[in-house]
Each structure stands twice: as structure tokens, then as C-alpha cells.
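Chain by chain, the residues run as shown.
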Amino acid sequence: MADRAELLTLYEQMAVIRRTEKAAHDLFLSGLVKGTTHLAAGHEAIAVGASAALRPDDYVFATYRGHHHAMARGATPEECLAELMQRATGLCRAKGGSMHLTKADAFMLGSYAIVGAHLPMAVGAAWSARLRGTGQLAVAFFGDGATNIGAFHEALNLAAVWKLPVLFVCENNLYMEYTPIADVTAVARPAADRAPAYGIPGEVVDGNDVLAVQEAVARLAERARAGDGPALLEAETYRHFGHSRADPATYRPAEEVERWLKHDPLDLARGRLVELGVDEATVTAADERARDVVERAVEAAKNAPPPDPGEALTDVWADGGAAWRT
């Protein structure tokens, strides 16, 4: 169980992420964010809780809904918003945008727009860590829809065969884009119920409870580092916005939305803080710090310069050049 100071820190991280997502939403509506965005408001406890249980050098892979993971691993709101706004100060220098946030120097090895494509990559990273004897862990976060993709099954199988130090964390928000996952999946728990087929542990956790996520990831990470192989964690959560900014999410029943909004990750953490004896003024101060951080980030990103066209090929190829190899 986290102490009051640790939980307050986790709460403030989630508050910063929530406000950054809201800022991204508003900037999109004002025309400053082009293309589309896939917001993770409602998923904050999964990224923050998991990151709190990991080592700084553990590898993290995320989906196109990955803003929260980038920030949980150290990306600043300014870097993320500047990337969404195609600024030179963006996390990927305006080359990635919303769906490809990456912070390699913090071992956050990317957000991937192709569903399930990063799961075998996480297996490869775990294999690399095993070969080098570093004790690092690879963690692949993915949505419930990816459990019906071939790469999911390939990755679990190979990780189990080689007993690799990798965790598979499913962010089950009940919908694969616009389709309820339950309508097209033969098992009730699309991720956890399939883990036994590969001989690995499959657990379900309340993905809106930051402490529950932290405890589960810490325990499974310790198991993987000890050489006992991979595990799968299905974190139940709910997105507050539609699949993307083009989606009003009118297909979701009103009573379902209302029920999940009452189970908000920030509200749960705030309630736990009160139970631990943290006064309301202290929690409010954390909210205000989060607000100030994001407000400054929005202004800095708005005022940042556009990218230099001369750097279009920088950081794209390993050798810095554009020549194809065979």
C-alpha cells in the first residue's frame, strides 16, 4: 500500500495527464491540432500505476492512444502538446504526431497505430534484455481489440516458449473502436481468459484504481525478472471521449457512460487520499499545480517555432541517410 506522499504524487501525475488531454481536445477544436487524436482521459491510472511499479530503464510500448504512457514515462505536457501542434519542440520534432509519441531516452519505445504490431516488438525487447543480462522488463500496453489480432497470439506464444521478461497489459475499455468487444469475442475476458492457452498467468484488475494497478504490475514484474516468464494483466477501464476526435461515441448507452464516469480514476484516488487523512486543501493544491503546469505548456507549445524542413530526414534512418538497403 502506498503512503500518503506517494499516492499524492500519483494523483498529481494523473491530474496533469487529464488536463493535458483536455487541452489537446480544446486545441483540436480550435484548429491548432491537425489530423486526429485518440485521447486517453479515463485511462490515467493504468499508465501512472504501472510506471510507478517499473524501473526507469524498463521498456514501454503503447498504442496510438498513448499520450498517458509517454507522460508517465517522463515526457512533459509541453513536449506532447507541441508534437500534436507540429512544433519544433515536439517530442518527435513534429514527425510523429498524436499517434506516435516516443521518448526513447526514457525507454518509452513508441506508440503504434497498427493494432497489435508492437506486441512482437516488446517480445524482441525482452529477448534483448535477456541476452544482455540487464534485468530489464518489456511492457506492452494494448487495447481490447488487439486480442483478436494474430500478433497478440504470436507474441504471447513466443514469450511463453522462451519464458521472457515481458508483461502484456490490456487496457480493456469495452470497445474496439466503435464495436463492443463482447459482441465479437468468444470469451468474457478478452485478454485474461486467453492467457491459460499459452500457459501464462492472466489476471484482471480495476484499471481505474492506480494503487491496484501498481500492486499488480509490481508483483508480476518481480515474477518476470526472477525468470518465471511473461504474464498478462487485463485492466478494466473506460474512455471519457470517443474512439477519436471524429467519434461522438453516441453508440454507448447513457447509463453505461454515467456508471463509469462515477468510477473516475482521479475521484477514486482523491477519495483514498481523504481516507488516509490528507486534507482537502493539500489535494486541491495538487490540482492547482497540475493546472498551472498544463496552462504553461499550452502557451509554450503555441509559441514554439515550426519544424525546420532541413531536418526532415534527421532521426528517420539509423545512419542519418535516405538510401535504401538490401
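In this text, all values refer to a predicted model and were calculated from it rather than measured experimentally.

A.B. asks: Please explain the nonpolar core as it appears in this structure.
C.D. replies: Counting residues in each nonpolar core, the largest one holds 63 residues, and the members touching the most others are Leu81, Leu167, Val210 and Val217. Filtering out sequence-adjacent residues up to four positions away, Val217 remains in contact with Ala50, Ala53, Leu54, Leu167 and Leu233. If you look at the next biggest cluster of nonpolar residues, it comprises 24 residues, including Val123, Ala126, Ala155 and Val166.

A.B. asks: So what exactly am I meant to see when it comes to helix α10 (residues 280-303) here?
C.D. replies: Think of an α-helix as 3.6 residues a turn; residues three or four steps apart then line up on the same face. Between the first and last C-alpha of α10 there are 35 Å, a value that for 24 residues agrees with the 34 Å anticipated at 1.5 Å per step. Those residues of α10 that fall on the buried side of the exposure criterion are Val283, Ala286, Asp287, Ala290, Val294, Ala297, Val298 and Ala301. Tucked into the core, α10 has its buried residues touching α1 (4-29), α4 (77-84) and α9 (265-275). The N-terminus of α10 is capped by Asp279, whose side-chain oxygen sits 3.2 Å from the backbone nitrogen of Ala281.

A.B. asks: Even after reading the chapter, I still don't get the packing of α1 against helix α2 (residues 44-53), so can you show me in this structure?
C.D. replies: The description of two helices packed together rests on the angle between their axes and the distance between the axes. Two elements in contact, α1 and α2, have axes whose closest approach is 10 Å; the angle formed by their N-to-C orientations is 140 degrees. Viewed along their axes, α1 and α2 adopt a mutual orientation that is oblique. Along this stretch, α1 crosses α2, giving a crossing that reads as right-handed. In this structure, α1 contributes Leu10, Gln13, Met14, Ile17 and Arg18 to the contact, and α2 contributes Glu44, Ala45, Val48 and Ala52. Here the residues of the contact of α1 with α2 sort into six nonpolar, one polar and two charged.

A.B. asks: Even after reading the chapter, I still don't get unusual backbone geometry, so can you show me in this structure?
C.D. replies: Negative phi values dominate among residues other than glycine, just as trans dominates among peptide bonds. Here Arg93, not a glycine, exhibits a phi torsion of approximately 55 degrees, which is positive. Mapped onto the fold, Arg93 is located in the loop between α4 and β2 (108-112). One non-glycine residue, Ala249, lies in positive phi territory at about 60 degrees. Assignment of secondary structure puts Ala249 in the loop between β8 (231-236) and α8 (254-261).

A.B. asks: Help me understand the pattern of salt bridges, please; the structure alone is not making it clear to me.
C.D. replies: A side chain of one charge can pair with a side chain of the opposite charge if their charged atoms are brought near each other. Throughout the structure, instances matching the rule amount to 17 salt bridges. Here Glu12 makes a salt bridge to Arg289, at a shortest N to O gap of 2.7 Å. Of this pair, Glu12 sits in helix α1 while Arg289 sits in helix α10, placing them 277 residues apart in sequence. Its relative accessible area of 37% is what places Arg289 among the partly exposed residues. Across the pair Glu236 and Arg189 runs a salt bridge, and its minimum N-O distance is 2.0 Å.

A.B. asks: Help me understand the packing of aromatic side chains in this model?
C.D. replies: Geometrically, a pair of aromatic rings is defined through the distance of the ring centres and the angle of the planes. Per the counting criterion, the structure on display carries seven aromatic pairs. Judged by centre distance (5.6 Å) and plane angle (55 degrees), the ring pair of Phe142 and Phe152 falls under tilted. Remark: Phe152 occurs in helix α6 (residues 150-162) and Phe142 occurs in strand β3 (residues 138-143); sequence separation between them is 10 residues. Each member of the pair Phe142 and Phe152 is classed as buried. Here the aromatic rings of Tyr238 and Trp260 are separated by 5.4 Å at their centres, their planes lie at 5 degrees, and the arrangement is stacked. Pair noted here: Tyr238 is in the loop between β8 and α8 and Trp260 is in helix α8, with a separation of 22 residues, a long-range link.

Conventions we followed
Residue positions are given per chain, counted from 1 along the sequence in the order it is written. Restriction of local features to residues with pLDDT of at least 70 applies here, the model being predicted, together with a cutoff of 80 or more for giving and counting side-chain atom pairs; totals for whole chains, interfaces and linings are based on all residues. Excluding hydrogens and water, the side-chain figures rest on all heavy atoms present in the structure. Put simply, buried Ala, Val, Leu, Ile, Met, Phe, Trp, Tyr and Cys residues joined by side-chain atoms within 4.5 Å make one nonpolar core. Each residue's exposure class comes from its accessible area (1.4 Å probe, protein chains only) as a fraction of the maximum for that residue type: buried when under 20%, exposed when over 50%, partly exposed otherwise. Two residues qualify as a contact provided that any one of their heavy atoms is within 4.5 Å of a heavy atom in the partner residue. A helix here means a DSSP run of H or I that spans at least four residues, while a strand means a run of E at least two residues long, and both kinds are numbered starting from the N terminus. Residue count minus one, scaled by 1.5 Å, sets the expected span of a helix. The term polar contact refers here to a pair of N or O atoms within 3.5 Å; inside protein, the definition further demands a hydrogen-donor-capable atom paired with an acceptor-capable atom, and it admits residues adjacent in sequence only when both atoms are side-chain atoms. For helices, the axis comes from a line fit to the C-alpha atoms of the stretch in contact; other axes are also lines fit to C-alpha atoms, and the angle between any two N-to-C directions lies between 0 and 180 degrees. What sets the label is the angle itself: under 35 degrees gives roughly parallel, over 145 gives roughly antiparallel, 65 to 115 gives roughly perpendicular, and the rest give oblique. Note on convention: the crossing is left-handed when the near helix lies turned anticlockwise from the far helix by less than a right angle, right-handed when the turn is clockwise. Nonpolar residues are Ala, Val, Leu, Ile, Met, Phe, Trp, Tyr, Cys and Pro. Charged residues are Asp, Glu, Lys and Arg, and all others, Gly as well, are polar. Any Lys or Arg side-chain nitrogen located within 4 Å of an Asp or Glu carboxyl oxygen qualifies as a salt bridge. Side-chain rings of Phe, Tyr and Trp (the six-membered ring for Trp) are treated as a pair once their centres are within 6.5 Å; stacked means planes under 30 degrees apart, edge-to-face means over 60, and tilted covers the remaining angles.

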